[in-house]
Amino acid sequence: MTVGASERLPVDAQLRIALAGLPAGPTVRAGAADPTAPLVAGSRLTGRGATELLEAQMVSRHLDLAARALRERGLGYYTIGSAGHEANAAVAAALRPTDPALLHYRSGAFYVRRAMQVTGHDPRRDVLLGLVAAIDEPMAGGRHKVFGHPDLAVIPQTSTIASHLPRALGVAFSIDRARRLGVASAWPEDAIAVCSFGDASANHSTATGAINAACRAAHQHLPVPLLLVCEDNGLGISVRTPEGWIRSAYAQRPHLRWFEADGTDPGGVLDAAADAAEWVRTERSPAFLHLRVVRFLAHAGTDVEAVYRTPAEIRLDLERDPILATARVVVAAGLAQPTDLVERYDRIGAEILELAEECSTHPQLTSAESVMSALAPRHPDKVRAEAATPSSAAARAAMFDGPLPEYEGPLTLAQSINRALVDGLARYPEMLVFGEDVAAKGGVYGVTRGLLKKAGAARVFDTVLDEQSILGLALGAGVTGLLPVAEIQYLAYLHNAEDQLRGEAATLQFFSQGQYRNPLVVRIAGYGYQKGFGGHFHNDDAVGVLRDIPGLVIASAARPDDAAAMLRTCLAAATVDGSVCVFLEPIALYHTADLHTPGDGAWLAPYAPPSDWDDSHVALGSARTHCDGTDLTIVTSGNGLHLSLRVVPALAARGVTTRVVDLRWLAPLPVEDIVREAEATGRVLVVDETRRTGGISEGVLAALVDAGFTGSMARVASKDSPVPLGAAARLVLLSEAEIEEAALALVRRSSP
Ligand SMILES: Cc1ncc(C[n+]2csc(CCOP(=O)(O)OP(=O)(O)O)c2C)c(N)n1
Ligand SMILES: [Mg+2]
């Protein structure tokens, strides 16, 4: 049996009948018509354009049919199609193949039409290989069915609806920002970003936030060349979009130019898309193109639309087939006769089925290693070399515009991070620092103070108060070639935007085999111990949501000397490997100077400049051991380091000598160092300032168990509770007394 041997689906059968039944057009007179002339005066649709459009639409339709046929035989794994949406091919025709595109999962005809603009590409093969999860699918390599290709400037999307809009905003913003900064960009200077999505998706807060951010930027006269294309089929799976809703929500939106077209009018779609693209390209301002389309073949292969739609409604849609609409134009122009089109349609279908048959034999991924090979590449030697390479003395001097930090004397954690950011700005002309209140105010805690003045408003700037847009900006900047250092003001405020890290940032290399990357560093102030101030949201320590994101780097610096070197390492890892790094900063230690006694200055440290090979870099996943006791190993991080080191003398007074391991990286966890230091004493107390559940201690203890550590283990952690205001905060946060008590108990119970 061949792939397509089963009965024709109604949409397929109906289209063939309708094509055959079109009234015959004028006789074709070879060479008489100019293929480059408009078919209708004033329209951009030419004879050649209409023929190419029809070709792309038919190819896309047959790819959907092949997806069903493959699925039926258990050879394909994806059936969400583009059938009914093929008017989007005209949007591709109106754009340049170098305009970065972030596509809706029903923008298949766009993808096909764009591939036709670049010689040597076979979009049929790309899509079919995706459907069968073949290793040689050019974008995701068998990890997902995506529309994406590095040669076509199509950035692959995950299937979380609307999650690509913040990145699209970021790409649009970065096209012009890269030009302004004079740094290399992945896109031409006059490119525009195009982003398609469904009508139901247009309601998602991720979408509305990104569109709002684009409009706000345009309001500020910032260039945001973003073409938003809403492919409105009136449905979100089974839920109807109220008639006229998209128009009423977006047609009158200030700073968002409105364009619209009906999918059954190919010339109209091309003209509207071309007008919109031209407007966005020249004005560098966002536009919204509303495409009215229909959805054939239900939501996906498993969706029975008869449950929520009437047969009459489904039948009526068939009359609005965009392929039939283009065919009408082609026949009416004398470019082909109806019988030619049926023949062409069948020929394309047969070729695609044959190709599908061949693609279905291609191998899939066969090992966990090969699946994960693209997730988060790590080249520690290159990262080390990159981190240790200073910018020129002149560049540093110009950027610091004052004494170099290595001559400033001992610095606090906040000061060290600040100086490392300045060094980064000197080293990487493509580096941007942005977030809420980071510019003029210099951050809530002064960590970004002075950066605006030093690096200028093009590189250090405040953003809209929307964490999804902040991260989206970073994602778009990263994929464009910039080095974004975004700030999320508090850990609690990452959570509303976390999918931008989880679903988007951390998966891009995975779903593109590293052909697209979004290097980025997200600085987040967090953790507790702010002496009762701020309540839960300013003392949040929920690191579990980060620790379980595959491939994410999580830095958690407690000391000023570690912080500068770790930040430098994150910038280097982002540059070398495209790493996605979260840099957690303990607010309570920002301005801490002392450890044991007031005035001891033991929490201050001199700044190691980037040229100091040993001190200027901290390898990912490497811990630091303080003290060299032999009775007990405390494993900790963040505020836990400060608390634990303060307990060391008390333990010594009780005859227990301690070594304290600062994890420094919560991911990758420094397993080798943990195990070595555990073996050194045979006893491990994990001191976790976060939570008993979902915090850090579970991972550390599991790593010790996995490594076969047979010594004694215990843990102390903060309570599984939000942090209350005032003195009550102390009731749920881990205390020095608890650490001391747990340490002594562990030593007691494990001593002969
Ligand atoms: C954030 C999120 N929520 C829910 C889903 C499940 N889901 C997939 S498609 C879809 C409907 C999308 O409708 P629309 O945006 O109109 O696109 P269409 O499929 O109609 O083209 C839903 C709810 C999802 N993918 N992502
Ligand atoms: Mg829809």
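Above this text you will find the structure in question.
Here is what the cut-offs are and how they apply
- Residues numbered from 1 in each chain as written.
- Chains lettered and ligands numbered in written order.
- Predicted model: local features only at pLDDT ≥ 70, side-chain atom pairs only at ≥ 80, totals over all residues.
- Heavy atoms only, no water.
- Disulfide = S-S within 2.5 Å.
- Donors = N, O, S within 2.8 Å, 3.2 Å for Na, K, Ca; no water.
- Buried < 20%, exposed > 50% of the residue type's maximum accessible area, 1.4 Å probe, protein only.
- Near = heavy atom within 4 Å.
- Areas by Shrake-Rupley, 256 points an atom, 1.4 Å probe, with all protein chains shown as cover.
- Helix = DSSP H or I, 4+ residues; strand = E, 2+ residues; numbered from the N terminus.
- Axes fitted to C-alpha atoms, helices over the stretch in contact; angles between N-to-C directions.
- Parallel < 35°, antiparallel > 145°, perpendicular 65-115°, else oblique.
- Contact = heavy atoms within 4.5 Å.
- Nonpolar A, V, L, I, M, F, W, Y, C, P; charged D, E, K, R; others polar.
- Left-handed = near helix turned anticlockwise from the far one by under 90°.
- Pairing = 2+ DSSP bridges.
- 1 Å grid on protein atoms, 1.4 Å probe; cavity = no way out; pocket = protein on both sides within 12 Å on 5 of 7 lines; lining within 4 Å.
- Points joined across faces, edges and corners; volume = space filled by probe spheres on them.

## Examining the state of the cysteines
- Considering all chains together, one arrives at zero disulfides under this definition.
- The structure places no disulfide on C570, whose sulfur is separated from the nearest cysteine sulfur, that of C581, by 4.1 Å.

## Some points on the coordination of the magnesium ion (ligand 2)
- Donor atoms from the polypeptide that coordinate the magnesium ion (ligand 2) comprise D199 (OD), N233 (OD1) and L235 (O), at 2.0 to 2.2 Å from the metal.
- We note that the donor set of the magnesium ion (ligand 2) lies within a single chain, spaced as D-x33-N-x1-L.
- Judged by its relative accessible area of 13%, N233 is buried.
- In this structure L235 comes out as buried when scored by relative accessible area, which is 7%.

## A few points about the site of ligand 1
- Taken together, the neighbourhood of ligand 1 is formed by 17 residues, with H104, Y105, R106, S201 and L235 sitting nearest.
- For ligand 1, whose accessible area on its own is 580 Å², the fraction buried by protein is 74%.

## Looking at unusual backbone geometry
- With omega at -10°, the peptide bond leading from A667 into P668 counts as cis.
- Following the sequence through the fold, P668 ends up in the loop between strand 18 (665-667) and helix 23 (671-681).
- Phi angles above zero are rare outside glycine, and D437 is one such case at about 65°.
- One non-glycine residue, K531, adopts positive backbone phi at about 55°.
- Locating K531 in the fold gives a position in the loop between strand 12 (520-526) and helix 20 (544-547).

## Points about the packing of helix 23 against helix 24 (residues 697-706)
- The geometry of helix 23 relative to helix 24 is characterised by a closest axis approach of 10 Å and an angle of 70° between their N-to-C directions. As judged from the angle between their axes, helix 23 and helix 24 are roughly perpendicular. Residues V671, I674, V675 and A678 of helix 23 form the contact with helix 24, whose participating residues are V700, A703 and L704.
- Considered class by class, the residues forming the contact of helix 23 with helix 24 number seven nonpolar, no polar and no charged.

## Examining the packing of helix 14 (residues 380-388) against helix 21 (residues 560-577)
- The interhelical angle for the contact between helix 14 and helix 21, taken along N-to-C directions, is 125°, at an axis separation of 8 Å. Accordingly, the angle class assigned to the pair helix 14 and helix 21 is oblique. Taken as a pair, helix 14 and helix 21 cross one another with a handedness that is right-handed. Each of K382, V383, E386 and A387 in helix 14 lies in contact with helix 21, whose residues at this interface are R568, T569, A572, A573, T575, V576 and D577.

## Quick word on the sheet that holds strand 13 (residues 553-556)
- The sheet built from seven strands is open, its strands ordered 10-9-11-12-14-13-18 with mixed pairing. The open sheet has two edge strands, strand 10 (460-462) and strand 18, and neither has a second partner. Between one strand axis and the next, the sheet turns by 20° as a mean value, whatever way the strands run.
- Pairing analysis gives seven bridges linking strand 12 to strand 14 (residues 580-586), with the strands arranged parallel. By the bridge assignment, V521 is partnered in strand 14 with C581.

## Thoughts on the pairing of strand 8 (residues 287-292)
- By the criterion of burial, strand 8 is predominantly enclosed, with five of the six residues buried.
- Inspection of the sheet shows strand 4 (residues 226-232) paired to strand 8 by six bridges, in the parallel sense. Bridge pairing in strand 8 links V229 to L289.
- Bridge count for strand 7 (residues 257-262) against strand 8 is six bridges, and the pairing is parallel. Across the sheet, the residue bridging to W258 is F288, located in strand 8.

## Brief notes about empty space enclosed by the protein
- Inspection of every chain in the model, using the stated rule, returns eight cavities of 30 Å³ or more.
- As a volume, the largest cavity reaches approximately 210 Å³.
- The wall of the largest cavity is formed by 18 residues, among which L103, H104, Y105, Q157 and T158 lie closest to the centre.
- Class assignment of the residues belonging to the lining of the largest cavity gives a composition of eight nonpolar, nine polar and one charged.

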